[in-house]
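Remarks on the overall topology
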Amino acid sequence: MLNVNHDTFIVGGSVLLLSHELNQCTRGAVLDSTLYMQLASGSSPPSLTEYEQWWERYRSQLNQFGWSRLQDFGSSFKPDPGSPGQVISEVLAAKVIPYLSSTYVDTIGRALTELSRLSPQSEVRAQLRQYSVAEDRGSNLTRVRSQVGIVLAGTRLIYLSFSFATSETLPDLLIEHVFRTGDIVGEIEFNGCVSVLDLTD
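Since this is a predicted model, take the numbers as computed values, not measurements. (Residues numbered from 1 in each chain as written. Predicted model: local features only at pLDDT ≥ 70, side-chain atom pairs only at ≥ 80, totals over all residues. Heavy atoms only, no water.)

In terms of nonpolar packing, the biggest core is built from 26 residues, with L92, V96, L100, F162, F164, I188 and F190 touching the most fellow members. Looking at this core, the elements that each hand over two or more residues are strand 2 (14-19), strand 3 (67-77), helix 3 (88-96), helix 4 (102-115), strand 6 (141-152), strand 7 (156-166) and strand 9 (184-197). Residues within four places of L100 in sequence aside, it is in contact with F73, V105, I158 and V194. Counting 17 residues, the second largest nonpolar core, distinct from the first, contains V30, Y51, V151 and Y159. (Core = buried A, V, L, I, M, F, W, Y, C linked by side-chain atoms within 4.5 Å. Buried < 20%, exposed > 50% of the residue type's maximum accessible area, 1.4 Å probe, protein only. Helix = DSSP H or I, 4+ residues; strand = E, 2+ residues; numbered from the N terminus. Contact = heavy atoms within 4.5 Å.)

Below, the structure is given as structure tokens:
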């Protein structure tokens, strides 16, 4: 259990936290629409160059599957070269906090931390790795692309995705990873949105 107020589901390459306040019908609608969005946007292993295109495809599916977008946000940044090692959720938290409340940022951070504790043999870890990690032998770079969603009472969905390339190999760890800032190639990119599900149909 990641959090006493949320249940956790893995849908394709997304980690989805559902509030206990959601009823069974709403949970089913949220999970179904999220899965369809994954399939429609072409859920495939992340390429080294197509993060923005993937996010645009995924975001465009929100309206097609009953979600009304209320807010979009995103940016990119380079890690602080003066820090010897940083944890991805902590680095992102400082950048995302202008867009999301600290409660949501903390929940995402806890989810990533707990997922990192899964056994390397876990089927969930294998599924996430399939959609979230791509290693390019030609350039010796590893691309990591992850997505976390929180669904609150009132069917409000908060999504955060992030992507970065590193020269470090990731044999076991997947999401919550203590990486060396000197190994990051280029910038860390992140995008997010806040949406509401229309259940009137």
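Tallied over the entire structure, the rule returns three salt bridges. A salt bridge links R59 to E56, with the shortest nitrogen-to-oxygen separation between them at 2.6 Å. One end of the pair is R59 and the other is E56, both in helix 2 (residues 51-64) and three residues apart, which spans about a single turn. Given a relative accessible area of 16%, R59 falls into the buried group. The partner of D72 in a salt bridge is R69, and the shortest N-O contact between them spans 3.0 Å. On the basis of relative accessible area, D72 is assigned to the partly exposed category, the value being 36%. (Salt bridge = Lys/Arg side-chain N within 4 Å of Asp/Glu carboxyl O.)

In summary, the side chains of a regular strand alternate between the two faces of the sheet. Across the twelve residues of strand 6, twelve count as buried, placing the element largely inside the fold. On strand 6, burial covers both faces: L141, R143, R145, Q147, G149 and V151 on one face and T142, V144, S146, V148, I150 and L152 on the other are all buried. Where strand 2 lies against strand 6, five bridges are found, and the strand directions are parallel. Across the sheet, residue V15 finds its bridge partner in strand 6, namely V148. Taken together, the four bridges between strand 5 (residues 133-136) and strand 6 define a ladder with antiparallel strand orientation. Across the sheet, residue V133 finds its bridge partner in strand 6, namely V144. In the sheet, strand 6 pairs with strand 7 via eleven bridges, with the strands oriented antiparallel. Bridge pairing in strand 7 links L152 to R156. Hairpin geometry of strand 6 and strand 7 is characterised by an intervening segment of three residues between the two adjacent antiparallel strands and by a positive phi of about 90° at G154. (Pairing = 2+ DSSP bridges.)

In short, shape yes, function no, at least from these values alone.
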